[in-house]
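Residue-level structural notes
The residues making up each chain are set out below.
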Amino acid sequence: MESFWIAFYAVIPFLLYMSFGAFVRKVGWAEESFLNKLNTLVFKAFFPLLMFKNIYWMDTAFEVNVPFVLFAVISVLTVIVLLMLIVPRLVKGNPQRGVIVQGIYRSNLALFAIPLAENIYGSGSSLLATMLVAFIIPIYNVCAVIVLEYFSGASSSKLNLVKKICTNPLILGIVAGAVFYFLHIPIPSFIAKPFKVCADMATPLALFALGGTLRFTAVKGNARILTCTLVVKMILLPLVIFAISMLFPFSPVERFMLLIVFATPTAVSSYPMAQNMGGDGPLAGQIVVFTTTLSIFTLFLFIFILRLLGLI
């Protein structure tokens, strides 16, 4: 039961933020048009700050475990390539294609990795989790921009596609953070503190806007696509990756962290990105909501069964 409560306490803040957004819209304190504009603001202003923060204040107190990181990176990139090849054959609309690809491969690793690792394996495992986050999150974000731009439906040349990718707010945040980080550019504390506060507002605001704009009446129209996406994202893909990791000499904690890369719910930022980059925003929001809710149970089952079998 401890594993269940770990997953429960990890996702309950998400559900509360979304519920508050739905409540505010329901009582008429905010119009849906305002919440849509807030969603755009979060994408263009707050998430770039979060990307910058994650890069610039990255914890480097670890030695890179090359085989482990390489396996994780290759797994993520391979999944993205396979999804880019398979999804268009099964889904007709470009707006849905990009959202589904992103919804399946892109997990909320930043929120779940460290607390889950520490709760199950102790504080010593946090460095391994931090290492994974440091390498995987930038790949998630860069690939998400490429995927959504590719499936945006807008007819443009390869040069325009590259231009859109390079000027994407999240990419700009990542690049700025990397420049400041590698050049060791200091940020005064009186700037750093409010900067971090604003960056940390990105996820709550995105969830608030999601809750306020999500309409469950639209779920029926996406029922088949949504169900298939959830089954692949929350069950099949994590099991396949974990089974492949068993072929390598990884430790139990390393195998667990590789499972978490794919078994955690879809990243919150996938919703405002889809909404602002030509994707199916309602479908993206539904994927975030349902993967977040289901993860309470799927994470518990994964942890319980795999620990019972002595595999993690």
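Everything here concerns the structure above.
Everything in this summary refers to the structure shown in the same document. (Residues numbered from 1 in each chain as written. Predicted model: local features only at pLDDT ≥ 70, side-chain atom pairs only at ≥ 80, totals over all residues. Heavy atoms only, no water.)

**Comments concerning the side chain of R106**
Quick reminder of the rule: Secondary structure elements follow DSSP: runs of H or I of four or more residues count as helices, runs of E of two or more count as strands, with numbering from the N terminus. In this scheme, a residue with accessible area under 20% of its type's maximum is buried, one over 50% is exposed, and one in between is partly exposed, where area comes from a 1.4 Å probe on protein chains only. Charged-residue counts in this description rest on Lys and Arg as positive and Asp and Glu as negative, His and the chain ends being excluded. Salt bridges are counted wherever a side-chain nitrogen of Lys or Arg sits within 4 Å of a carboxyl oxygen of Asp or Glu. Polar contacts, as counted here, are pairs of nitrogen or oxygen atoms within 3.5 Å of one another; within protein the pair requires one atom able to donate a hydrogen and one able to accept it, and residues that are adjacent in sequence qualify only if both atoms are side-chain atoms. Contacts: residue pairs with any heavy atoms within 4.5 Å of one another.
Of note, R106 is situated in the loop between α4 (94–105) and α5 (109–121). For the buried R106, no salt bridge exists, and the shortest N-O distance to an oppositely charged side chain is 12 Å, to E149. Here S269 takes part through its side chain, which lies 2.8 Å from a polar atom of the side chain of R106. If we ignore the near neighbours within four places in the chain, the residues touching R106 are Y140, N141, A144, L170, K233, P265, T266, A267, S269, S270 and M273.

**With respect to unusual backbone geometry**
Its identity as a non-glycine residue notwithstanding, H184 has a phi of 55°, on the positive side. Tracing the chain through its elements places H184 in the loop between α8 (169–182) and α9 (189–200).

**A look at the packing of helix α11 (residues 223–245) against helix α12 (residues 252–263)**
Selection rule: Whenever a helix is involved, its axis is fitted only over the stretch in contact; in every case the axis is a line through C-alpha atoms, and angles between N-to-C directions fall within 0 to 180 degrees. Roughly parallel means an angle under 35 degrees; roughly antiparallel means over 145; roughly perpendicular covers 65 to 115; every other angle is labelled oblique. A clockwise turn of the near helix away from the far one marks a right-handed crossing, whereas an anticlockwise turn of less than a right angle marks a left-handed crossing. Any residue outside Ala, Val, Leu, Ile, Met, Phe, Trp, Tyr, Cys, Pro, Asp, Glu, Lys and Arg is labelled polar, Gly included; the first ten of those are nonpolar and the last four are charged.
Two numbers describe how α11 lies on α12: the axes approach to 8 Å, and their chain directions differ by 150°. Classified by the angle between their axes, α11 and α12 sit roughly antiparallel to one another. Like other packed secondary-structure pairs, α11 and α12 cross with a definite hand, here right-handed. Contacts between α11 and α12 involve K233, M234, L237, P238, I241, F242 and S245 from the first element and R255, L258, L259, F262 and A263 from the second. Taken together, the residues of the contact of α11 with α12 sort by class into nine nonpolar, one polar and two charged.

**Some thoughts on the environment of L236**
Relative to the helices and strands, L236 is located in helix α11. Separated by 27 residues in the primary sequence, L236 and A263 have C-alpha atoms spaced 9.3 Å apart.

**Some words on the environment of M18**
Mapped onto the elements of the fold, M18 is located in helix α1 (residues 2–26). A residue is classified by how much of its surface remains accessible, and M18, at 7% relative accessible area, is buried. For the pair M18 and L207, spaced 189 residues apart in sequence, the C-alpha separation works out to 5.1 Å. When residues no more than four places from it in sequence are discounted, the contact partners of M18 are L207, L210, G211 and V289.

Keep in mind these numbers describe shape, not what the thing actually does.
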